[in-house]
Amino acid sequence: MTFTLNLEELAGQGLIDPSWVEPLNPAQESLDLVAEFIEQELVAGRQVFPQQQNILRAFKVPFGHIKVVIVGQDPYPTPGDAVGLSFSVAPERSQLPRSLKNIFKELQSDLDVEQPSSGDLSPWATQGVLLLNRVLTVHSGEAGSHRGIGWEQVTEQALRALNGREGKPLVAVLWGNDAIASKDFLSNAVVIESAHPSPLSASRGFFGSRPFSRVNKALTELGHDPIDWALPSQSALF
């Protein structure tokens, strides 16, 4: 079977929420190019992460439900880590990526919540947090390996569409240079930016940036409910 990223088909299969078909439609040509590239990778026997059914998992959150977007770089390249939500891992994953450990350190420091017992961030997504990498796939073991194949155009379109909604709040959390570059098309959003939580950069502006309390302050000022950032131990919610 030919690998496809056709939006109508993905919505029909329940792999994205139908509300995303129209906002992402201007990027369908880029999605087709990405699909062609990934199919070639798979035919050649190369491993691509995340699993095919999770590549556009972030877009299972309804378009109109989103009030926060956390933008990252690309999926974890370590086998078993990437699940289609930026920075998240599967709930059964016991060894957390170092970036996620640093996110949890900052979460504890910022909000004085208990250390999460799971790296599953889907409880955030169900509250309207879009966990979106700029690039949505990666070759096994090679961070950044799928940059420039078309994903940047797709995620730019997603962010532009969210930015263009009327009467809807949007707070954008941009971690790292790849994410910060996207503020060019987030003119209507409240933007919170810092260094990436990676061990290579977390001490250069991520730690102490207090993104979680700042998001909630912005949402409250916009007249909307804050996010409950505390994470229970539970299975993935979608």
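Note: the structure precedes this text.
Description of the structure in this document. For clarity, every value in this text was computed on a predicted model and none was experimentally measured. (Residues numbered from 1 in each chain as written. Predicted model: local features only at pLDDT ≥ 70, side-chain atom pairs only at ≥ 80, totals over all residues. Heavy atoms only, no water.)

## Description of the environment of Thr-137
Mapped onto the elements of the fold, Thr-137 is located in the loop between strand E3 (129-133) and strand E4 (138-139). With 14 residues separating them along the chain, Thr-137 and Trp-151 place their C-alpha atoms 8.3 Å apart. Residues contacting Thr-137, with those up to four places away along its chain left out, are Ile-38, Val-48, Phe-49, Pro-50, Ile-55, Asp-74, Pro-75, His-146, Ile-149 and Trp-151. Here His-146 takes part through its side chain, which lies 2.7 Å from a polar atom of the side chain of Thr-137. (Helix = DSSP H or I, 4+ residues; strand = E, 2+ residues; numbered from the N terminus. Contact = heavy atoms within 4.5 Å. Polar contact = N/O pair within 3.5 Å; in protein donor to acceptor, adjacent residues only side chain to side chain.)

## Structural notes on the nonpolar core
Judged by nonpolar contacts, the single largest core of 75 residues is most densely connected at Trp-20, Ile-70, Trp-124 and Trp-151. The element best represented in this core is helix H6 (residues 151-163), accounting for six residues. Ignoring sequence-local partners within four residues, the contact set of Ile-70 consists of Ser-86, Phe-87, Trp-124, Val-129, Leu-130, Leu-131, Leu-132, Val-173, Trp-175 and Trp-229. (Core = buried A, V, L, I, M, F, W, Y, C linked by side-chain atoms within 4.5 Å. Buried < 20%, exposed > 50% of the residue type's maximum accessible area, 1.4 Å probe, protein only.)

## Focus: the packing of helix H3 (residues 28-43) against H6
Two elements in contact, H3 and H6, have axes whose closest approach is 8 Å; the angle formed by their N-to-C orientations is 145°. At the point where H3 passes H6, the crossing takes the left-handed sense. Contacts between H3 and H6 involve Ser-30, Leu-31, Val-34 and Ile-38 from the former and Trp-151, Gln-153 and Val-154 from the latter. (Axes fitted to C-alpha atoms, helices over the stretch in contact; angles between N-to-C directions. Left-handed = near helix turned anticlockwise from the far one by under 90°.)

## A few points about the sheet that holds E3
One key point about sheets: their strands pair by backbone hydrogen bonds, in either a parallel or an antiparallel sense. With respect to topology, four strands assemble into an open sheet ordered E3-E2-E5-E6, the strand pairing being parallel. A single partner strand is all that each edge strand has here, and the edge strands are E3 and strand E6 (190-194). Going across the sheet, the axis of each strand differs from the next one's by a mean of 15°, ignoring polarity. Across five bridges, strand E5 (residues 171-175) lies against E6 in parallel orientation. Note that in E6 the partner of Val-173 across the bridge is Ile-192. Running over the sheet, H6 touches strand E2 (68-72) and E3 and is turned about 155° from E3. (Pairing = 2+ DSSP bridges.)

## Let's talk about helix H4 (residues 98-111)
Over its 14 residues, H4 runs 20 Å from end to end, which matches the ideal 20 Å to within 8%, given 1.5 Å per residue. Check the buried side of H4 and you find it contacts helix H5 (122-125), E5 and helix H8 (211-221). (Expected span 1.5 Å × (residues − 1).)

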